[in-house]
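# Breakdown of the fold
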Amino acid sequence: MSTSDALLALRQAVKSKSPITYLNNDEPTSTLLNATHLLLGQVPFPKSTPTRYAKPGVSNAASPGDFYTLEAVYLAWLLRDAPGAEYMKQARENGLTVGFVSVTERKNVVEWLEGKVADLDRIKSLDTDTTTPPGTPLRRDAAALASSSPKRAARPHATDSESPSKRRYVADSHDLEVVKRIRANEVELRDRNTVLRGIKPNNFSALLASYSEKLKKSRETKPGTAPASAPSTGPPMQSRKARNMFPIIMISSSPTALITMYNVKRFLQESIFETSATARERAASAGNPRAEDVIHIDRRRTPPTVSGATSAPPSSGAIQRYFVVDSTDALQKFGADAWERVVCVMTTGQAWQFRPYKWSDPRTLFHHVKGIYVAWSNDPPNPKIKDWNVTELKIDPHRRHIDKSVVAHFWKIIDDWTSANKPWLLKS
């Protein structure tokens, strides 16, 4: 099989289980993101080469942008077993923010590459006279050769109907009967993902019926009169909040951050700081190689005295639960009003952290939540945060005996800010 076509070369490498090497300017590299070429067999192809696989929704694919690149088709096969969300995340991390094969058609691409299916509808037929990727402009010498070729000149009136790929297929009646018998005995294989997809339509009529009466009563309530079940005291917002709405702390997802999902629980709950690398190794040895996306922290709040000091016994305060997340995806698990429960955002001073947030501008963000800038005690001042309205939290690199005072100072800052801005989130 000829390997001068990028799509056929990739299919041949996948079917023969040949190694696919990443190259960066003729030098091997370990990651697809840093690679410029894919070595398929003995032929290197630029990973941005347009293939003959057209994108969905394109009727007459002609330009290179109408076809998937070699990198997109290869990435669909490479991540064939990854869940949908993980697949799209890995595609973005490898530089394909757009133009990657969708999750719904990834299975068809993988089956074609592995030879399980013979053809796909959107794969443009390979011209026998050329192996140039579709949509690539003709060079001057190639155009002149094509115009002067006797083979081309002999067929000036050739039409698409003469191409074998355009001929209409007429199925044999005997073959149709065989296919019907095969399909009658066909058993669909199911995995844990397909089993969870129900076949019955969801019916929420019972839920609508139970809430329709409550909505009717709330509309009939006269303006200015409080419902009978509403409490007579307390902040107005507190009566509308659920009792289990705990405060949320967001931290940076940067791997260079001092506080990550690996060490945040031990730092804020046990007042012991350890580096993220050490905490990651300890979790891996315990059989937890990946950090959780949501972590809860239980902390006993010490009630203040009349003078403002906290001289009460440590066991006399109520247990306050906090949740810690490092991404907006994890934050969405708490509902549409999750940002109303965010009381603190820990930052490393990098503005890209706030791009997916509700308020992407740090000056606006830290007027709605408390900002904490975490850094080493011997780090120089960061000029980027001077107008961000954040409080610096300094961690000593060596003296672990002062971690307890640092954590106590952090909780005092959070308690003061929450009491003044979102008191309904704190237990009395």
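All values reported here derive from a predicted model rather than from experimental measurement. Every chain is numbered independently, its residues counted from 1 as its sequence is written. With pLDDT at 70 or above as the cut-off, local features in this predicted model cover only qualifying residues; side-chain atom pairs require 80 or more to be listed or tallied, and sums for whole chains, interfaces and linings still use all residues. To get the side-chain values, all heavy atoms of the structure are used, and hydrogens and water are removed first.

## Here we look at the nonpolar core
In this structure, Leu10, Leu40, Tyr53, Val73, Tyr74 and Leu113 are the most contacted members of the largest nonpolar core, which totals 35 residues. The helix count covers DSSP runs of H or I at least four residues long, the strand count covers runs of E at least two residues long, and both are numbered beginning at the N terminus. For this core, the elements supplying multiple residues, two or more each, are helix H1 (6–15), strand S1 (20–24), strand S3 (37–40), helix H2 (70–78), helix H3 (84–93) and helix H4 (103–113). Broken down by element, the residue count for this core peaks at seven residues, all from H2. Each residue touching leucine 40, except ones within four places of it in the same chain, is listed here: Ala6, Ala9, Leu10, Ile20, Phe45 and Leu70. Judged by nonpolar contacts, the second largest core, of 31 residues, contains Ile249, Met261, Phe267 and Ile395. In this text, buried Ala, Val, Leu, Ile, Met, Phe, Trp, Tyr and Cys residues form a nonpolar core when linked through side-chain atoms within 4.5 Å. Whether a residue is buried, partly exposed or exposed follows from its accessible area with a 1.4 Å probe, protein chains only, as a fraction of its type maximum: under 20%, in between, or over 50%, in that order. The contact criterion used is simple: two residues touch if any of their non-hydrogen atoms lie within 4.5 Å.

## Side note on the packing of H2 against H4
Axis lines are fitted through C-alpha atoms, for helices just across the contact stretch, and the angle between N-to-C directions can take any value from 0 to 180 degrees. The N-to-C vectors of H2 and H4 enclose an angle of 90 degrees; their axes lie 9 Å apart at closest approach. Taken together, the axis directions place H2 and H4 in an arrangement best described as roughly perpendicular. Of the residues in H4, those in contact with Val73, Ala76 and Trp77 of H2 are Arg106, Val109, Val110 and Leu113. Residues belonging to the contact of H2 with H4 are distributed by class as follows: six nonpolar, no polar and one charged. Throughout, the term roughly parallel applies to angles under 35 degrees, roughly antiparallel to angles over 145, roughly perpendicular to angles from 65 to 115, and oblique to all others. The residue classification treats Ala, Val, Leu, Ile, Met, Phe, Trp, Tyr, Cys and Pro as nonpolar and Asp, Glu, Lys and Arg as charged. All others, Gly included, are polar.

## What to know about unusual backbone geometry
Of note in the backbone geometry, aspartate 26 takes a positive phi value of approximately 70 degrees without being a glycine. Residue classification places aspartate 26 among the exposed positions, given a relative accessible area of 64%.

## Re the pattern of salt bridges
Salt bridges are defined by distance alone: a side-chain nitrogen of Lys or Arg within 4 Å of a carboxyl oxygen of Asp or Glu. Tallying each qualifying case throughout the model produces 17 salt bridges. Members of the salt-bridge network, linked through shared partners, are Arg266, Glu270, Glu274 and Arg282.

## Some points on H2
Among the nine residues that make up H2, eight are buried, leaving the element largely enclosed by the rest of the structure. Every buried residue of H2 is listed here: Leu70, Glu71, Ala72, Val73, Tyr74, Leu75, Ala76 and Trp77.

## Describing the confidence of the model for the protein chain
Low-confidence regions, as indicated by low pLDDT, have predicted coordinates that should not be scrutinised in detail. The pLDDT value tells you how sure the predictor is about a given residue, anywhere from 0 up to 100. The predicted model of the protein chain has a mean per-residue pLDDT of 79, with 80% of residues at 70 or higher. The least confident element of the protein chain is helix H6 (residues 150–153), whose mean pLDDT is 45; the most confident is strand S10 (residues 342–347), at 92. In this model, residues 306–312 is a region of pLDDT below 50 whose contacts with residues beyond four sequence positions or in other chains number five contacts.

## What about the sheet that holds strand S4 (residues 43–46)?
Read across the open sheet, the four strands follow the order S2-S1-S3-S4; overall the sheet is antiparallel. Unpaired on one side and paired on the other, strand S2 (27–29) and S4 mark the two borders of the sheet. Each adjacent strand pair in this sheet contributes to an overall mean axis angle of 45 degrees, direction not counted. Note that S3 and S4 share four bridges and pair antiparallel. In the sheet register, leucine 38 faces S4, and the bridge partner there is phenylalanine 45. Helix-sheet contacts for H1 involve S1, S3 and S4, and the interaxial angle to S3 is about 55 degrees. When DSSP finds at least two bridges between two strands, those strands are taken to pair.

## Examining the pairing of S3
The alternating pattern of S3 places Leu38 and Leu40 on a buried face and His37 and Leu39 on a face that is not buried. Strand direction decides the pairing type here: S1 and S3, joined by four bridges, are antiparallel. Counterpart to isoleucine 20 in the pairing with S3 is leucine 40. Hairpin connection from S3 to S4: two residues lie between these consecutive antiparallel strands, with glycine 41 at a positive phi of about 70 degrees.

## Brief notes about the sheet that holds strand S11 (residues 370–376)
The strand order across the open sheet formed by six strands is S8-S9-S7-S10-S11-S12, and the pairing between neighbours is mixed. Either end of the sheet is taken by a strand with one partner, and the two such strands are strand S8 (294–300) and strand S12 (390–395). Going across the sheet, the axis of each strand differs from the next one's by a mean of 25 degrees, ignoring polarity.

## Focus on a nonpolar patch on the surface
Exposure above 30% relative accessible area and no salt bridge define the residues that can form patches, which grow by joining like charges within 9 Å and nonpolar side chains of Val, Leu, Ile, Met, Phe, Trp and Tyr within 5 Å. Method for areas: the Shrake-Rupley scheme with a 1.4 Å probe, in which residue coverage is limited to the protein chains shown. Together, Phe204, Leu207, Leu208, Tyr211 and Leu215 make up a nonpolar patch on the protein surface, roughly 550 Å² of accessible area in all. Take leucine 207: it is sitting in helix H9 (residues 205–220). When its relative accessible area of 48% is taken as the criterion, leucine 207 is described as partly exposed.

## Digging into the environment of proline 56
The residue proline 56 is located in the loop between strand S5 (50–54) and strand S6 (67–69) in this model. Proline 56 sits 11 residues away from phenylalanine 67 along the chain, and the two C-alpha atoms are 9.1 Å apart. The residues contacting proline 56, other than those within four sequence positions of it, are Tyr68, Glu105 and Arg122.

## With respect to the side chain of lysine 370
Looking at the element boundaries, lysine 370 is found in strand S11. Residues counted as positive are Lys and Arg, residues counted as negative are Asp and Glu, and His and the chain ends are not counted. Summary of buried charges: lysine 370 has no salt-bridge partner, and the nearest side chain of opposite charge, aspartate 416, is 9.1 Å away.

## Looking at the environment of arginine 280
Residue position: arginine 280 is located in helix H12 (residues 276–285). It is 9.7 Å that separates the C-alpha atoms of arginine 280 and threonine 260, two residues lying 20 residues apart in sequence.

## Points about the packing of aromatic side chains
Centre distance within 6.5 Å is the pairing criterion for rings of Phe, Tyr and Trp, where only the six-membered ring of Trp is used; planes under 30 degrees apart are then read as stacked, over 60 as edge-to-face, and the remainder as tilted. Counted according to the given criterion, the structure contains 16 aromatic pairs. Measuring from ring centre to ring centre gives 6.0 Å for phenylalanine 246 and phenylalanine 323, while their planes differ by 55 degrees; the resulting arrangement is tilted. Of the two residues, phenylalanine 246 is situated in the loop between helix H10 (236–240) and strand S7 (248–250) and phenylalanine 323 in strand S9 (residues 319–325); the sequence distance between them amounts to 77 residues. Of the two residues, phenylalanine 246 and phenylalanine 323, neither departs from the other in class, the shared state being buried. Where phenylalanine 354 meets tyrosine 357, the ring centres are 5.8 Å apart and the plane angle is 65 degrees; that geometry is what we call edge-to-face. The two residues phenylalanine 354 and tyrosine 357 agree in class, both being buried.

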